[in-house]
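# Report on the structure
Each chain, written out:
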Amino acid sequence: MRTRSENITSTYGRAASVVEELPVVNCRFSAGEPRLEKPGVPGNMSQMVAITSQLAATKIADATPKDKENKPEAVKNSTEMMTNGDVGGTSEQEQEFTDPFCNADNPQIITFQDVTSAAFKIKKGIEYTPCPKSHLSEMVDMDIYLKKEFLQFTGSFKERGARYALIMLSDEQKKKGVISASLGNHAQGLSYHGWKLGIPVTVVMPSKASLMKIQKCRNYRATVIVKGVDMGEAKKIALRMAHETGLTYINGYDHPHIMAGQGTIGLEIAEQVSDVDAVVIPVGGGGLIAGIATAIKNLSPQTKIIGVESEKCPSFTKALENKAPIYTPNQATLADGLAVPQVGYNAFATTVPLLDKMIVVKEEWIALAILRLVELEKCVVEGAGASGLAAILAGHLDEFKGKRVVLLVCGGNIDTTIFGRCLERGMAAEGRLQRFTVRVSDAPGGVSKLCNLLANLGVSIKDIMHERAFIRDVNSVEVKVICETRDWQHSQEMRKMLQETYQEVYFYEMPMAI
């Protein structure tokens, strides 16, 4: 792994000073700080041109990777070898297998022409998703519009880039097939469109990937290899297989064609909503925000581009602080689609001149945003898709009160068990799910009296447990209760009633969203 100084020098070379001068990089973008002010769009565009020139970025429409050496072994044999765990080779050899499209020494910056080309070529294979005004608008005092990318066939925006990358392959590459590593959404998009286009697809998915997503990829006729404890290991396996079999490796967020395909969302937003003040985009590896920012800033330079990350995986924020992509250890997060440990080099170079603000949100706000979208919009979305609304609920975008804001609801592939946990965490965050301990009489009817009191208030008991062994008063029993109320005002009524009725009542943590 490179050190910070080596990253800056080797990744950007002579252009490091250019990136250093960008206003967006000088801002730390930590949660709660004021929004970034920029000197003007023309300056931003000139910065982008400067970076393009300094980095010798190439136009991607005609870009193709160097021909890989064709190994005599069949793809099937290589797949079986990986499945059985025989990855072979030393760590030094594994480091040689790199993605030819993602070069740290020469990152590629996509252009508006790349995005429009992608839009023309994929329009017959993807959904033109709606972007209606949200019922949440009055609640947050903003004109909120939801770009519902979770309505794509596989439930995610990833289809756009996947289809464009497949279409742009040469005939020989299409015949041999492609390979990629993914936790789920990119794998599904690639598998589905590879199936529809007649291109063989192999996906390497880490062992922690959702069983539902693994099975969906198999349903789309892809060869699925479940290998590696995390994305890092899965990617190494996929790159090694690409090297040995001649398959084309397609990075799920940093491949230039992937970024251009995702940018078509920006073109649709510009058509569907006029005079947009800001577009809020979830950020993982950076490909989505890179593509959309490229489209939006060319069509509406005054529109602000806002990125949102979870506090559990702030890879882009760390990259901005470091002036270059840097490995950032991730923790388990509700927004698993954003859990990318290192931002892509191409995505970072493309996004930096166009970014106006980067926000980091807490997990509780993401859970509450998922709950709000279910209750008010009837939308079942994953954590990444709800992160834009989470930023608004947390108060990070109050400068846009009374203005027009588009939120990208990017995916709906949430595991059912995780979905249930998210709803409960969201209810706890706004005070609707309460937890308390109360000491009541151990005489007959003591616990019944407590239950009747809660029932008369309209409170629903979710769980109840009583404890006798660890209290000093043999005539009392300690009762622990988890209950559901209508709202925070209802919870306060319950608290007041309990404190007036019992001498010893203990309420746990205050709701975060109050």
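Residues numbered from 1 in each chain as written. Predicted model: local features only at pLDDT ≥ 70, side-chain atom pairs only at ≥ 80, totals over all residues. Heavy atoms only, no water.

From N to C terminus, the chain includes 22 helices and 13 strands. Here the chain holds 514 residues, and the buried ones make up 54% of them. Here the contacts in the chain between residues at least 6 apart in sequence split such that 76% fall between residues at least 24 apart. Carbon and sulfur atoms make up 50% of the accessible area of the chain, which totals about 22300 Å². (Helix = DSSP H or I, 4+ residues; strand = E, 2+ residues; numbered from the N terminus. Buried < 20%, exposed > 50% of the residue type's maximum accessible area, 1.4 Å probe, protein only. Contact = heavy atoms within 4.5 Å. Areas by Shrake-Rupley, 256 points an atom, 1.4 Å probe, with all protein chains shown as cover.)

What follows deals with helix H9 (residues 158–167). With respect to burial, H9 is a largely interior element, nine of its 10 residues being buried. Every buried residue of H9 is accounted for by Lys 158, Glu 159, Arg 160, Gly 161, Ala 162, Arg 163, Tyr 164, Ala 165 and Leu 166. Along its buried surface, H9 packs onto helix H7 (112–122), strand E1 (143–148), helix H10 (171–176), strand E2 (178–181), helix H11 (185–197) and helix H14 (256–272).

Here the focus is the sheet that holds strand E12 (residues 476–484). What the four strands build is an open sheet, ordered E11-E12-E10-E13; its pairing is antiparallel. One side of each edge strand has no neighbouring strand; the edge strands of this open sheet are strand E11 (460–467) and strand E13 (505–507). Mean inter-strand twist for the sheet, computed between neighbouring axes without regard to direction, equals 20 degrees. Judged from the three bridges that link them, strand E10 (residues 433–441) and E13 form a sheet pairing that is antiparallel. Residue pairing for E13: Phe 436 is matched across the bridge by Phe 507. Lying on the sheet, helix H21 (residues 446–456) is in contact with E10, E11 and E12; it crosses E10 at an angle near 145 degrees. (Pairing = 2+ DSSP bridges. Axes fitted to C-alpha atoms, helices over the stretch in contact; angles between N-to-C directions.)

Right, let's talk about the side chain of Glu 430 for a bit. Position of Glu 430 among the secondary structure elements: in the loop between helix H20 (416–429) and E10. Glu 430 gets classed as buried once you look at its relative accessible area, which sits at 10%. Among the polar contacts listed, one links the side chain of Glu 430 to the side chain of Arg 432, at a separation of 2.7 Å. (Polar contact = N/O pair within 3.5 Å; in protein donor to acceptor, adjacent residues only side chain to side chain.)

This part is about the environment of Pro 206. By secondary structure assignment, the location of Pro 206 is in the loop between strand E3 (201–205) and helix H12 (211–219). In this structure Pro 206 comes out as buried when scored by relative accessible area, which is 0%. Measuring from C-alpha to C-alpha, the distance between Pro 206 and Ile 225 comes to 8.4 Å, with 19 residues separating the pair along the chain.

Moving on, we get to the pattern of salt bridges. Scanning all chains against the criterion turns up 16 salt bridges. Asp 143 is the salt-bridge partner of Lys 133, the closest N and O atoms lying 3.3 Å from each other. Within this pair, whereas Lys 133 is found in the loop between H7 and helix H8 (137–140), its partner Asp 143 is found in strand E1, the two being separated by 10 residues in sequence. Here Asp 143 falls in the partly exposed class, since its relative accessible area comes to 25%. Residues Arg 432 and Glu 375 are paired through a salt bridge, measuring 2.8 Å at the closest nitrogen-oxygen approach. One end of the pair, Arg 432, is in the loop between H20 and E10; the other, Glu 375, is in helix H18 (residues 363–377), and 57 residues separate them in sequence. (Salt bridge = Lys/Arg side-chain N within 4 Å of Asp/Glu carboxyl O.)

Once that is clear, we can look at the sheet that holds E2. What the four strands build is an open sheet, ordered E4-E3-E2-E5; its pairing is parallel. A strand with exactly one partner marks an edge of an open sheet, and here the two such strands are strand E4 (223–226) and strand E5 (248–249). Seen against the sheet, H11 touches E2 and E3 and runs at an angle of roughly 165 degrees to E3.

Looking now at the confidence of the model for the chain. Overall, the predicted model of the chain reaches an average pLDDT of 83, with 81% of residues at or above 70. Mean pLDDT in the chain bottoms out at helix H3 (residues 23–26), which sits at 37, and peaks at strand E9 (residues 404–409), which reaches 98. Taken as a whole, residues 1–46 scores under 50 in pLDDT and shows 94 contacts with residues more than four places along the chain or in a different chain. Of the regions scoring below 50 in pLDDT, residues 81–94 engages in 19 contacts with residues more than four places distant in sequence or in other chains. (pLDDT = per-residue confidence, 0-100.)

Here E2 shows two buried faces, one formed by Val 178 and Ser 180 and the other by Ile 179 and Ala 181. The sheet contact formed by E2 and E3 spans four bridges and is parallel. Bridge pairing in E3 places Val 178 opposite Val 201. With H11 bridging E2 and the parallel E3, this β-α-β connection has right-handed handedness. Alignment of E2 against E5, held across two bridges, turns out to be parallel. (Right-handed = clockwise from strand over helix to strand, strands pointing away.)

So, about the nonpolar core. The biggest cluster of nonpolar side chains holds 71 residues, and the ones touching the most others in it are Val 279 and Leu 397. Apart from the residues within four sequence positions on either side, Val 279 is in contact with Ile 269, Ile 292, Ile 296, Thr 303, Lys 304, Ile 305, Ile 306 and Val 406. The next biggest cluster of nonpolar side chains, apart from the first, holds 18 residues, and it includes Ala 162, Ile 214, Val 224 and Ile 258. (Core = buried A, V, L, I, M, F, W, Y, C linked by side-chain atoms within 4.5 Å.)

A pair of packed helices is characterised by two quantities: the angle between their axes and the separation of those axes. In contact at an axis separation of 8 Å, H9 and H11 are set at 45 degrees when each is read in the N-to-C sense. Considering the angle they form, H9 stands oblique to H11. Crossing hand, H9 versus H11: right-handed. Across the interface between the two elements, Lys 158, Glu 159, Ala 162, Arg 163, Leu 166 and Ile 167 of H9 pack against Asn 185, His 186, Gly 189, Leu 190, Tyr 192, His 193, Gly 194 and Leu 197 of H11. Classifying every residue of the contact of H9 with H11 by side-chain character gives six nonpolar, five polar and three charged. (Parallel < 35°, antiparallel > 145°, perpendicular 65-115°, else oblique. Left-handed = near helix turned anticlockwise from the far one by under 90°. Nonpolar A, V, L, I, M, F, W, Y, C, P; charged D, E, K, R; others polar.)

A few words on the packing of aromatic side chains. Inspection of every chain in the model, using the stated rule, returns eight aromatic pairs. On the basis of an interplanar angle of 50 degrees and a centroid distance of 6.4 Å, the ring pair of Phe 153 and Tyr 220 is categorised as tilted. A residue pair is termed long-range when its members are at least 10 positions apart, and Phe 153 in the loop between E1 and H9 and Tyr 220 in the loop between H12 and E4 qualify at 67 residues. Centre to centre, the rings of Phe 436 and Phe 507 are 5.6 Å apart; their planes meet at 50 degrees, and the pair counts as tilted. With Phe 436 in strand E10 and Phe 507 in strand E13, this residue pair connects regions lying 71 residues apart in the sequence. Here Phe 436 and Phe 507 have matching classes, each one buried. An aromatic cluster of at least three residues, connected via ring pairs, comprises Phe 153, Tyr 192, Trp 195 and Tyr 220. A cation sits over an aromatic face here: Lys 147 above Tyr 128, 5.4 Å from the ring centre. Directly above the aromatic system of Tyr 508 lies the positively charged group of Arg 435, at a separation of 4.0 Å from the ring centroid. (Phe/Tyr/Trp six-rings, centres within 6.5 Å; stacked < 30°, edge-to-face > 60°. Lys NZ or Arg CZ within 6 Å of the ring centre and 35° of its normal.)

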